[in-house]
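Chain by chain, the residues run as shown.
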Amino acid sequence: VIADLNETGKKTLNLIIKADVKGSAEAITASLAKLSNAEVEIKVIHSAVGGVSESDLSLAKASLATILAFNVRLSKNLSNSSLTDEINIKYHSIIYDLLDEVKNLVGGMIAPKIKEEVIGKVEIREVFNLSKFGKVAGCYVTNGLVKRHASCRIVRDAIVIQSDKIKVLKRFKDDVKEVKSNLECGISFDKFADFKIGDVIEIFEEITQS
């Protein structure tokens, strides 16, 4: 969101940075400082570690700010908050992609040609150790659907802890291609095995735009 002209006659892009660790927040802030130009001033009005909170949403609404969420997500209690529909929140896991999006905002450019779309969310409710498959997550699809071989991120307490792909997807004992909302399934990943009960799996696809 671009705010009104400031005292220098420039447009101001107000940003709130939430990141997984302090080092990421500092690196992003330092990089953003270099992106202001003659027409637009980038102003980081708040930067902190942790998931996006209700106070972050309130500040963003009051200051017409965009929230840059780096490897973090909304706090669990905000999933149904009406404020989320009013606030521009940009989720990223790669700093260069985050900076490219800010460049696009500054330049008024069209959205990137490759766009990420979250197609489902899954909650891990049990953890099994099976001799044939190793560690398997007993899951419940809370929203959308999960697909075998899909890209995913594991989120713990609103922090993205790992990116991976779905290696095995089962419905009871059967291998399946996808499982829809409100159904149980078993999942194992290509690489990650340190998942825990309560972790959330975010399933996403990359969509090429014309």
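Residues numbered from 1 in each chain as written. Predicted model: local features only at pLDDT ≥ 70, side-chain atom pairs only at ≥ 80, totals over all residues. Heavy atoms only, no water.

(A) View of helix α2 (residues 54–63). Where α2 is concerned, the buried positions are Asp-56, Leu-57, Ala-60 and Ser-63. For α2, the angular spread of buried residues about the axis comes to 145°, placing them on one side. Those residues of α2 that are exposed and angled more than 90 degrees off the buried face are Ser-55 and Ala-62. In this structure, the buried residues of α2 make contact with β2 (11–19), β3 (40–49), β4 (66–70) and β5 (88–92). At the C-terminal side of α2, Leu-64 shows a positive phi close to 55°. (Buried < 20%, exposed > 50% of the residue type's maximum accessible area, 1.4 Å probe, protein only. Helix = DSSP H or I, 4+ residues; strand = E, 2+ residues; numbered from the N terminus. Arc of directions from axis to C-beta. Contact = heavy atoms within 4.5 Å.)

(B) Quick peek at the nonpolar core. Among the nonpolar cores identified, the biggest contains 22 residues, and Val-146, Ile-187, Phe-189, Ile-201 and Ile-203 are the most heavily contacted of them. When contributions to this core are tallied by element, the ones reaching two or more residues are β6 (114–130), β7 (134–147), β8 (151–156), β9 (159–171), β12 (184–189) and β13 (200–208). Top element by residues in this core is β7. It accounts for five residues. Setting aside chain neighbours within four positions, we find Ile-187 in contact with Val-122, Val-136, Ala-137, Cys-139, Val-146, Ile-166, Val-168, Leu-169 and Ile-201. Membership of the second largest hydrophobic core comes to 16 residues, among which are Leu-13, Ile-17, Ala-19 and Val-106. (Core = buried A, V, L, I, M, F, W, Y, C linked by side-chain atoms within 4.5 Å.)

(C) Region of the structure containing the pairing of β12. With five of six residues buried, β12 lies mostly within the body of the structure. Here β7 runs beside β12; their pairing, made up of four bridges, is antiparallel. Across the sheet, residue Cys-139 finds its bridge partner in β12, namely Cys-185. (Pairing = 2+ DSSP bridges.)

(D) The packing of helix α1 (residues 22–32) against helix α3 (residues 95–107), seen in detail. Interaxial distance between α1 and α3 falls to 11 Å at its minimum, and their mutual angle equals 35°. Here α1 and α3 pass one another in a crossing that is right-handed. Contacts between α1 and α3 involve Ala-27, Ile-28, Ser-31 and Leu-32 from the first element and Ile-95, Leu-98, Leu-99 and Val-102 from the second. (Axes fitted to C-alpha atoms, helices over the stretch in contact; angles between N-to-C directions. Left-handed = near helix turned anticlockwise from the far one by under 90°.)

(E) Spotlight on the pairing of β4. Counted residue by residue, β4 has five buried out of five residues, so it is predominantly covered. Of the two faces of β4, both are covered, the one formed by Thr-66, Leu-68 and Phe-70 as well as the one formed by Ile-67 and Ala-69. Bridge count for β2 against β4 is five bridges, and the pairing is parallel. Note on β4: the bridge partner recorded for Ala-19 is Phe-70. Sheet topology places β4 next to β5; five bridges connect them, and they run parallel. The residue bridging Ile-67 from the neighbouring strand is Ile-89, located in β5.

(F) Representation of the environment of Lys-165 in the model. Relative to the elements of secondary structure, Lys-165 occurs in strand β9. Put simply, Lys-165 and Ile-203 are 38 residues apart on the chain and 8.9 Å apart in space, counted from C-alpha to C-alpha. Leaving out residues up to four positions away in the same chain, Lys-165 has contacts with His-149, Ala-150, Ser-151, Cys-152, Ser-188, Phe-189 and Asp-190. Engagement of the side chain of Lys-165 in a polar contact is seen with the side chain of Ser-151, the distance being 3.0 Å. (Polar contact = N/O pair within 3.5 Å; in protein donor to acceptor, adjacent residues only side chain to side chain.)

(G) Examining the layout of surface pockets more closely. Looking at the second largest pocket, its volume works out to about 380 Å³. The set of elements that each furnish at least two residues to the lining of the second largest pocket consists of β6, β7, β9 and β12. Looking at which element gives the most residues to the lining of the second largest pocket, the answer is β7, with five residues. Here the residues of the lining of the second largest pocket are counted per class, giving ten nonpolar, two polar and six charged. (1 Å grid on protein atoms, 1.4 Å probe; cavity = no way out; pocket = protein on both sides within 12 Å on 5 of 7 lines; lining within 4 Å. Points joined across faces, edges and corners; volume = space filled by probe spheres on them. Nonpolar A, V, L, I, M, F, W, Y, C, P; charged D, E, K, R; others polar.)

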